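Examining the three-dimensional arrangement
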Amino acid sequence: MIVYAEVECFMYEGHSLKAKRSVIKKILAKLHNNFNVAVTEIAYHDLWQRTKIGIVAISTDYVHAEKIINSALGTIDGFTELERTITNVERL
């Protein structure tokens, strides 16, 4: 069972692409290491205040995969450098 999430975020404090990439790299590493999910930045690579992150969880049960995704979303919410604006979660 596969659950996929697209997460758009806005960074208020970002003043350059270098600062944005530093924050995104930290978030992606934490999500991958803590939840064993596939995660990457999928859009807005050249905008320094906006990003879109894709997260995929695979499990033998949809409920378990959704719990993993929800925990990952909670972790993103814990980062004060950015705000999660739009989130789409799908079962595949």
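Calculation criteria
Residues numbered from 1 in each chain as written. Predicted model: local features only at pLDDT ≥ 70, side-chain atom pairs only at ≥ 80, totals over all residues. Heavy atoms only, no water. Helix = DSSP H or I, 4+ residues; strand = E, 2+ residues; numbered from the N terminus. Buried < 20%, exposed > 50% of the residue type's maximum accessible area, 1.4 Å probe, protein only. Phe/Tyr/Trp six-rings, centres within 6.5 Å; stacked < 30°, edge-to-face > 60°. Lys NZ or Arg CZ within 6 Å of the ring centre and 35° of its normal. Salt bridge = Lys/Arg side-chain N within 4 Å of Asp/Glu carboxyl O. Core = buried A, V, L, I, M, F, W, Y, C linked by side-chain atoms within 4.5 Å. Contact = heavy atoms within 4.5 Å. Pairing = 2+ DSSP bridges. Axes fitted to C-alpha atoms, helices over the stretch in contact; angles between N-to-C directions.

1. Structural notes on unusual backbone geometry
A positive phi angle, near 55 degrees, is found at N36, a position not held by glycine. With respect to the secondary-structure elements, N36 resides in the loop between helix 1 (17-35) and strand 2 (38-43). Judged by relative accessible area, N36 falls into the exposed class, the value being 68%. Phi is positive for Y44, close to 60 degrees, though the residue is something other than glycine. Tracing the sequence through the fold places Y44 in the loop between strand 2 and strand 3 (50-58). For Y44, a relative accessible area of 24% corresponds to the partly exposed category.

2. Observations concerning the packing of aromatic side chains
A full pass over the atoms with the stated rule returns 1 aromatic pair. Seen from their ring centres, F10 and Y12 are 4.9 Å apart, and the 70 degrees between their planes marks the pair as edge-to-face. For Y12, a relative accessible area of 49% corresponds to the partly exposed category. Here the guanidinium or amino end of R50 rests over the ring plane of Y44, the centre of that ring lying 4.0 Å away. The ring of Y62 has R91 lying over it, and the distance from NZ or CZ to the ring centre is 4.4 Å.

3. A few points about the pattern of salt bridges
Taken as a whole, this structure holds 7 salt bridges when the rule is applied. The closest approach of N and O atoms between K52 and E6, which form a salt bridge, is 3.5 Å. In this pair, K52 sits in strand 3 while E6 sits in strand 1 (residues 2-10), placing the two residues 46 residues apart along the sequence. Note on E6: relative accessible area 22%, which makes it partly exposed. When the shortest N-O distance is used, the salt bridge between K26 and E81 registers 3.2 Å. Of this pair, K26 sits in helix 1 while E81 is found in the loop between helix 2 (62-77) and strand 4 (83-91), placing the two residues 55 residues apart along the sequence.

4. Thoughts on the nonpolar core
Across soluble globular proteins, nonpolar side chains show a tendency to be buried alongside one another. I27, L31, I55, I76 and L82 are the most contacted members of the largest nonpolar core, which totals 23 residues. It is helix 2 that contributes the most residues to this core, 6 residues altogether. Discounting chain neighbours no more than four positions away, the residues touching I55 are V3, Y4, A5, V7, L31, V37, A38, V39, I69, A72, L73 and I76.

5. Focus on the sheet that holds strand 3
The strands that make up a sheet pair up through hydrogen bonds in the backbone, lying either parallel or antiparallel. Here we have 4 strands laid out as an open sheet, ordered 2-3-1-4, and antiparallel in their pairing. Of all strands in the sheet, those with a lone pairing partner are strand 2 and strand 4, marking the two edges. Across the sheet, the axes of successive neighbouring strands diverge by a mean angle of 20 degrees, strand direction being ignored. Judged from the 8 bridges that link them, strand 1 and strand 4 form a sheet pairing that is antiparallel. Paired with V3 across the bridge in strand 4 is R91. Packed onto the sheet, helix 2 meets strand 1, strand 3 and strand 4 and runs at close to 15 degrees relative to strand 1.

In short, the description is geometric, and any link to function would need to be established separately.
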